[in-house]
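Architecture at a glance
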Amino acid sequence: MEKQSSQSAQVIQAQQQTANVNVQAQLAKLAELEIKYQRLQDIEQIKQLKARYFRFVDEKKWSEFGGLFTADVKIISDGVDYSKGGGAAYGKMIGDLVGKAPTVHHGYMPEIQIIDKNHAKGIWAMEDLLTFPDKKGAYPGHHGYGQYTETYRKENGLWKISSTELKRFRVDPLKNWNPNTDPVTGKPTK
């Protein structure tokens, strides 16, 4: 009887050890899934950040646009450094240049890599249509194709653009916008 009791105790002990191993394996799997979930959530937040970038430019929301960047952002567009003054100054410069002219900006096919919990980098294909107000000395309008190469930093729980470099690979000329016409129909406004 004593031998049987000893064997039962050994079986119970072995079952408890197996159960502990299974619990530890499940906890490790859960931790791995939490890391993957956070990575996917960070990627989605960066996609939304860049979507707001394009939308704010086209909606002419320059103050909101400036808030998408870190204070020490590095901004390069077609080889020109616009970093001085940060995102707010860059937004004001674009706003002053474009005015109310219609613009279209698209970004797609992002390749986003999470470096650590507060840093990421990405490459976005892009396309833009810019038609500046048709006046003396205005920049020529264009339909551009290229890519953004960017870095991101999480600050106070929010992802922001910490560097951005735009390179256009092709630029087709467009006629500039006449402010006395409707930007959609091209018909004169009253």
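This write-up is about the structure you can find in this document. Counting restarts for each chain: residues are numbered from 1 in the order of the written sequence. Side-chain atom pairs in this predicted model are given and counted only at pLDDT of 80 or more, local residue features only at pLDDT of at least 70, and totals for whole chains, interfaces and linings cover all residues. As a rule here, side-chain values come from all non-hydrogen atoms in the structure, and water together with hydrogens is ignored.

**Observations regarding the pattern of salt bridges**
What counts is decided by this rule: The working definition used for a salt bridge is a side-chain nitrogen of Lys or Arg within 4 Å of a carboxyl oxygen of Asp or Glu. Helix and strand assignments follow DSSP, with helices taken as H or I runs no shorter than four residues and strands as E runs no shorter than two, numbered in order from the N terminus. Type-normalised accessible area, obtained with a 1.4 Å probe on protein chains alone, sets the label of each residue: buried when under 20%, exposed when over 50%, and partly exposed for intermediate values.
Counted according to the given criterion, the structure contains 12 salt bridges. A salt bridge links D42 to K154; the nearest nitrogen and oxygen atoms lie 3.1 Å apart. Residue D42 is found in helix 1 (residues 2-58), and its partner K154 is found in strand 5 (residues 141-155); the two are separated by 112 residues along the sequence. The class of K154 is buried, set by a relative accessible area of 19%. Each member of the salt-bridge network shares a partner with another, and the members are R55, E59 and K61.

**With respect to the nonpolar core**
Put simply, the test is: Residues enter a nonpolar core if they are buried and are Ala, Val, Leu, Ile, Met, Phe, Trp, Tyr or Cys, with the set joined through side-chain atoms within 4.5 Å. Whether two residues touch is decided by their heavy atoms; if any such pair falls within 4.5 Å, the residues are in contact.
If you look at the biggest cluster of nonpolar residues, it comprises 30 residues, and the most contacted ones within it are Y53, F65, F69 and Y152. If you tally residues by element for this core, the top one is helix 1, at seven residues. Once you skip the residues sitting within four places of it in the chain, F69 turns out to touch Y53, I75, G87, Y90, K160, I161 and T164.

**Observations concerning the side chain of S163**
Selection rule: N or O atoms within 3.5 Å of each other form a polar contact, as long as, within protein, one can give a hydrogen and the other can take it, and as long as residues adjacent in sequence are counted only when both atoms are side-chain atoms.
Topologically, S163 is positioned in strand 6 (residues 158-174). Engagement of the side chain of S163 in a polar contact is seen with the side chain of T151, the distance being 2.5 Å. Setting aside chain neighbours within four positions, we find S163 in contact with V73, K74, T149, E150 and T151.

**Description of the packing of aromatic side chains**
Quick reminder of the rule: To pair, rings of Phe, Tyr and Trp, with the six-membered ring standing in for Trp, must have centres within 6.5 Å; the planes then decide the type, stacked if under 30 degrees apart, edge-to-face if over 60, and tilted in the middle.
Counted according to the given criterion, the structure contains 10 aromatic pairs. Centre to centre, the rings of Y53 and F65 are 5.0 Å apart; their planes meet at 50°, and the pair counts as tilted. A residue pair is termed long-range when its members are at least 10 positions apart, and Y53 in helix 1 and F65 in helix 2 (residues 62-66) qualify at 12 residues. Ring geometry for Y53 and F69: centres 6.1 Å apart, planes at 75°, overall edge-to-face. Highlighted residues: Y53 in helix 1 and F69 in strand 1 (residues 69-77), separated in sequence by 16 residues.

**Here we look at helix 3 (residues 86-98)**
Note the threshold: What a helix should span is 1.5 Å times the count of its residues minus one.
Helix length check: helix 3, at 13 residues, gives a terminal C-alpha distance of 18 Å against a target of 18 Å (1.5 Å per residue), a fit within 8%. Buried residues of helix 3: G86, G87, Y90, G91, I94, G95 and V98, and no others.

**Comments concerning the environment of G95**
With respect to the helices, strands and loops of the structure, G95 is situated in helix 3. C-alpha of G95 to C-alpha of Q113: the two residues are 18 residues apart in sequence and 31 Å apart in space.

**As for the pairing of strand 6**
The cut-off we apply is this: Here, any two strands with at least 2 DSSP bridges between them count as paired.
Judged from the five bridges that link them, strand 1 and strand 6 form a sheet pairing that is parallel. Each bridged residue has a counterpart across the sheet, and for K74 the counterpart in strand 6 is S163. Where strand 5 folds back onto strand 6 in an antiparallel hairpin, the turn is made up of two residues, including N156, whose phi is positive at roughly 50°.

**Some details on the sheet that holds strand 2 (residues 80-81)**
Note the following rule: Whenever a helix is involved, its axis is fitted only over the stretch in contact; in every case the axis is a line through C-alpha atoms, and angles between N-to-C directions fall within 0 to 180 degrees.
With mixed pairing, six strands are arranged side by side in an open sheet as 2-1-6-5-4-3. Of all strands in the sheet, those with a lone pairing partner are strand 2 and strand 3 (103-116), marking the two edges. For strand 4 (residues 119-130) and strand 5, the ladder comprises 12 bridges, and the chain directions are antiparallel. In the sheet register, G122 faces strand 5, and the bridge partner there is E150. With respect to the sheet, helix 3 is in contact with strand 1 and strand 3, its orientation differing from that of strand 1 by roughly 45°.

**A look at unusual backbone geometry**
Phi angles above zero are rare outside glycine, and D78 is one such case at about 50°. Secondary-structure assignment places D78 in the loop between strand 1 and strand 2. A relative accessible area of 39% means that D78 is categorised as partly exposed. A positive phi angle, near 55°, is found at M109, a position not held by glycine. Position of M109 relative to the elements: it lies in strand 3. A relative accessible area of 62% places M109 in the exposed class.

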